[in-house]
Amino acid sequence: MDVFSSLAEGLAAILTVQNLLLLAAGVSIGMVVGVMPGLGPSAGLAILLPVTFGLDPTGAIVMLAAVYYGAMYGGTITSVLINTPGESATVASTFDGFPLAKAGRAGPALVMAAIASFVAGTIGAVLISFFAPMTASVARTFGPPELFLVTIAGLLTLIVIVGKHRMLGALSALIGFAIATVGIDVGVGQQRYTFGSSELINGIDFIPVAIGLFGVGEILHNLWRGGHLEHIAFKSVSFRNRAFWPTRADAKETRGSMVRGSFLGFFVGTAPGAGATVASLMSYNLEKSVSKTPEKFGKGAMAGLTGPEAANNGASSGAMVPLLTLGIPGSASTAVLLAGFLLWGLQPGPLLMQQNPEFAWGLIGSMYLGNVMLLVINIFMIPVFASIARVPFRLLAPIVIVLCTFGTYTVNGSVIEVGVMLACGVLGFFMRRFGMSPAALVIALVLGPLAEETLRQTMVISGGDPAIFLERTTSMWLLIMIAVLLLLPVIAPLFKRIVRAQLRDADDRVP
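Residues numbered from 1 in each chain as written. Predicted model: local features only at pLDDT ≥ 70, side-chain atom pairs only at ≥ 80, totals over all residues. Heavy atoms only, no water.

Draft legend 1. Main features of the overall build of the protein. Looking only at helices and strands, the protein features 22 helices and 2 strands. Counting only residues that meet the buried cut, the protein has 54% of its 511 residues in that class. (Helix = DSSP H or I, 4+ residues; strand = E, 2+ residues; numbered from the N terminus. Buried < 20%, exposed > 50% of the residue type's maximum accessible area, 1.4 Å probe, protein only.)

What follows is the structure, given as structure tokens:
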């Protein structure tokens with residue numbers, strides 16, 4: 001079955017009234033989540049995951065995926081209007097978005113950001129349609145050794161490339177692995193770290209951990225930094241005003257940045273561990289370097305807004321490739337999506353597109369429709385969504401905590417899981433307070449059982465001989481990649497010093 005016929009079947013599967021309503025609800029909720037500073041897609045997905053349990057798997061995942069990429073759109077509104085990114089992926093949007101708003105061009109900035117997001121989302125959906133089947137066909141040749149190394153490489157990418165404090169990132173991942181060991185040892189059938197509790201025999205569920213870390217943890221951290229005392233200086237916008245719409249000069253200036261950001265973001269997003277934040281910052285630096293007027297960047301350059309906006313939405317599409325084809329989440333948000341897959345009995349990986357083609361292609365097809373919905377909703381509802389930013393955090397915080405508690409309890413009706421969620425909320429606060437990585441913990445928690453199982457299988461196959469990793473071509477290349485990732489913190493500063501020394505020598509030779 002070729003790509004076009006598979007995509008047509010996927011679109012037909014979601015073109016039901018229920019799925020379209022869920023898709024519309026998902027993109028709208030995603031916009032709201034993105035607009036609320038202090039939440040972001042990870043927290044929104046974690047809180048909403050229990051709500052989707054009564055839905056069929058396709059509709060539920062379509063809705064959650066729409067929340068994911070919809071939040072990327074919404075985070076831009078506060079970045080532009082009040083210089084406060086809705087989440088980390090829209091930090092780069094503040095560099096030129098807020099100066100444009102101060103110059104009285106908030107409307108054109110928001111419209112061009114919406115168009116850039118639409119272009120990137122559509123390009124990303126097209127690339128997924130072609131790259132996902134190709135990646136899945138390659139991944140089907142992977143055995144336990146390769147799958148184990150891919151999980152380790154994904155975590156190392158998150159820790160080494162993305163993390164500012166690598167040792168703290170590694171510690172965060174180890175905590176996630178430790179939590180994943182609670183329950184029954186699959187090898188010998190013995191209980192591990194259950195402390196005699198029957199509710200812990202099946203392990204610590206992902207949902208209370210994710211809701212605690214990203215929901216309660218974010219709220220506590222924002223309260224600690226004084227978010228409840230902040231007063232927002234709000235800039236009103238209205239699409240009825242002619243100045244709300246961008247000019248031809250804006251469109252001409254941003255054409256190249258949208259395309260470059262879309263492709264850059266997608267391919268950065270496909271790397272497990274890299275994500276929308278990295279992609280948007282890389283795009284901003286790229287646009288500044290290729291611009292004929294780099295001095296305008298930071299002062300209100302439209303290309304400095306549309307490039308990162310395209311990149312963070314392209315990255316959210318790219319992150320779906322390793323999730324669907326390898327079962328490897330590339331970010332905290334896709335880790336929550338992976339938990340949703342597993343809850344509905346769907347195993348993302350090389351066989352997903354073969355065994356559940358209607359589901360996989362339905363999800364991909366929904367991204368085409370979701371981006372169209374988001375473009376329309378975003379442009380004409382910008383004033384409405386912008387007004388949500390006026391909600392004081394002191395009112396938002398207790399509402400979110402109540403939703404977190406209620407959502408956790410409704411999953412299994414377990415008071416212990418509510419306790420786990422609240423404990424993880426406190427843990428999440430201290431992790432943010434001291435520079436640790438909740439994303440690394442969550443991804444390690446999700447990948448821990450897979451890493452343990454594939455390592456055990458590898459040792460059984462080889463009779464306990466680790467040389468099996470060197471005897472297989474693919475696993476050997478993965479080991480080389482892991483070695484490069486481990487050496488990168490040493491190589492990168494050395495390379496920078498060499499380049500700086502050469503530049504100094506060149507300056508000294510100039511008469």
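Draft legend 2. Up close: the layout of surface pockets. In this structure, the second largest pocket spans a volume of roughly 1200 Å³. Taken together, 50 residues form the lining of the second largest pocket, with Leu342, Leu445, Val446, Pro449 and Leu450 sitting closest to its centre. Of all the elements in the fold, those that place two or more residues in the lining of the second largest pocket are helix H7 (144–162), helix H8 (166–180), strand E1 (183–184), helix H9 (206–224), helix H14 (332–343), helix H15 (352–355), helix H19 (415–433) and helix H20 (438–462). Here the lining of the second largest pocket is composed, by residue class, of 31 nonpolar, 12 polar and 7 charged. (1 Å grid on protein atoms, 1.4 Å probe; cavity = no way out; pocket = protein on both sides within 12 Å on 5 of 7 lines; lining within 4 Å. Points joined across faces, edges and corners; volume = space filled by probe spheres on them. Nonpolar A, V, L, I, M, F, W, Y, C, P; charged D, E, K, R; others polar.)

Draft legend 3. Spatial organisation of unusual backbone geometry. Even without glycine at this site, Tyr193 takes up a positive phi of about 55°. By the secondary structure assignment, Tyr193 is in the loop between strand E2 (191–192) and H9. Tyr193 sits in the exposed class, given a relative accessible area of 53%.

Draft legend 4. Layout of the pattern of salt bridges. Counted under the stated rule, the structure contains 4 salt bridges. The shortest N-O distance in the salt bridge between Glu146 and Arg472 comes to 2.9 Å. A residue pair is termed long-range when its members are at least 10 positions apart, and Glu146 in helix H7 and Arg472 in the loop between helix H21 (468–471) and helix H22 (473–509) qualify at 326 residues. Residue Glu146 is classed as buried on the basis of its relative accessible area of 3%. Among the ionic pairs, Arg260 bridges to Glu287, the shortest N-O distance being 2.8 Å. With a gap of 27 residues between them, Arg260 in helix H10 (residues 248–269) and Glu287 in helix H11 (residues 276–290) connect regions that are remote in the sequence. Under the relative-accessibility criterion, Glu287 is labelled buried at 2%. Within the structure, one salt-bridge network assembled from shared partners comprises Arg192, Glu452 and Arg456. (Salt bridge = Lys/Arg side-chain N within 4 Å of Asp/Glu carboxyl O.)

Draft legend 5. Here's a closer look at the packing of H10 against helix H12 (residues 303–318). Two elements in contact, H10 and H12, have axes whose closest approach is 6 Å; the angle formed by their N-to-C orientations is 30°. It follows from the interaxial angle that H10 and H12 lie roughly parallel. Considering how the two elements wind past one another, H10 and H12 form a crossing that is right-handed. For the pair formed by H10 and H12, the contact residues are Glu253, Thr254, Ser257, Met258, Gly261, Ser262, Gly265, Phe266 and Gly269 on the first element and Ala303, Thr306, Gly307, Ala310, Ala311, Gly314, Ala315, Ser317 and Gly318 on the second. Taken together, the residues of the contact of H10 with H12 sort by class into 6 nonpolar, 11 polar and 1 charged. (Axes fitted to C-alpha atoms, helices over the stretch in contact; angles between N-to-C directions. Parallel < 35°, antiparallel > 145°, perpendicular 65-115°, else oblique. Left-handed = near helix turned anticlockwise from the far one by under 90°. Contact = heavy atoms within 4.5 Å.)

Draft legend 6. Spotlight on the side chain of Arg192. For Arg192, the position within the fold is in strand E2. One polar contact links the side chain of Arg192 to the main-chain carbonyl oxygen of Thr181, over a distance of 3.0 Å. Polar side-chain contacts of Arg192 include one of 2.9 Å to the side chain of Glu452. When neighbours within four sequence positions are excluded, Arg192 is seen to be in contact with Thr181, Val182, Gly183, Ile184, Asp185, Glu452 and Arg456. (Polar contact = N/O pair within 3.5 Å; in protein donor to acceptor, adjacent residues only side chain to side chain.)

Draft legend 7. A look at empty space enclosed by the protein. Scanning the entire structure with this criterion turns up 3 cavities of 30 Å³ or more. By volume, the largest cavity is sized at about 40 Å³. Every residue lining the largest cavity is listed: Tyr73, Thr76, Ile77, Leu110, Ala113, Ala114, Ser117, Glu309, Asn378 and Ile382. By residue class, the composition of the lining of the largest cavity is 6 nonpolar, 3 polar and 1 charged.

Draft legend 8. Just the packing of aromatic side chains, in detail. Evaluated as defined, the whole model comprises 9 aromatic pairs. Taking 5.6 Å as the distance between ring centres and 80° as the angle between the ring planes, the aromatic pair formed by Phe131 and Phe267 counts as edge-to-face. Of this pair, Phe131 sits in helix H6 (residues 106–139) while Phe267 sits in helix H10, and the two are 136 residues apart along the sequence. Ring-pair connections join several aromatic residues into one group, and the members of that group are Trp224, Phe429, Phe430 and Phe434. Taking NZ or CZ as reference, Arg433 lies 5.3 Å from the ring centre of Phe434, over its face. (Phe/Tyr/Trp six-rings, centres within 6.5 Å; stacked < 30°, edge-to-face > 60°. Lys NZ or Arg CZ within 6 Å of the ring centre and 35° of its normal.)

Draft legend 9. Looking closely at the environment of Gly226. Tracing the backbone shows Gly226 in the loop between H9 and H10. Owing to a relative accessible area of 14%, Gly226 belongs among the buried residues under this scheme.

Draft legend 10. Fine view of the nonpolar core. Core analysis: the biggest nonpolar cluster contains 128 residues, and Tyr69, Ile128, Phe206, Leu213, Met320, Leu337 and Phe341 have the highest contact counts within it. Once you skip the residues sitting within four places of it in the chain, Met320 turns out to touch Tyr68, Ile128, Leu337, Leu363 and Met367. Of all hydrophobic cores here, the second largest spans 5 residues; its members include Ala92, Tyr284, Phe297 and Ala303. (Core = buried A, V, L, I, M, F, W, Y, C linked by side-chain atoms within 4.5 Å.)

Draft legend 11. Fine view of the packing of helix H4 (residues 57–81) against helix H5 (residues 93–102). Two elements in contact, H4 and H5, have axes whose closest approach is 7 Å; the angle formed by their N-to-C orientations is 55°. By the angle between their axes, H4 is oblique relative to H5. Facing H4, whose interface residues are Thr76, Ser79, Val80 and Leu81, H5 presents Ser93, Thr94, Gly97, Phe98 and Ala101. Considered class by class, the residues forming the contact of H4 with H5 number 4 nonpolar, 5 polar and no charged.

Draft legend 12. Representation of the environment of Arg225. Here Arg225 is to be found in the loop between H9 and H10. Looking at Arg225, the relative accessible area reads 40%, which means it is partly exposed. Sequence separation between Arg225 and Arg433 is 208 residues; the distance between their C-alpha atoms is 9.6 Å.

Draft legend 13. Examining H9 more closely. The first and last C-alpha atoms of H9 sit 26 Å apart over 19 residues, in line with the 27 Å expected at 1.5 Å per residue. Along its length, H9 reaches its greatest deviation from straightness, about 35°, at Gly217. Just beyond H9, the residue with positive phi is Gly226, at close to 90°. (Expected span 1.5 Å × (residues − 1). Bend = angle between axes of the 7 residues up to and from the residue.)

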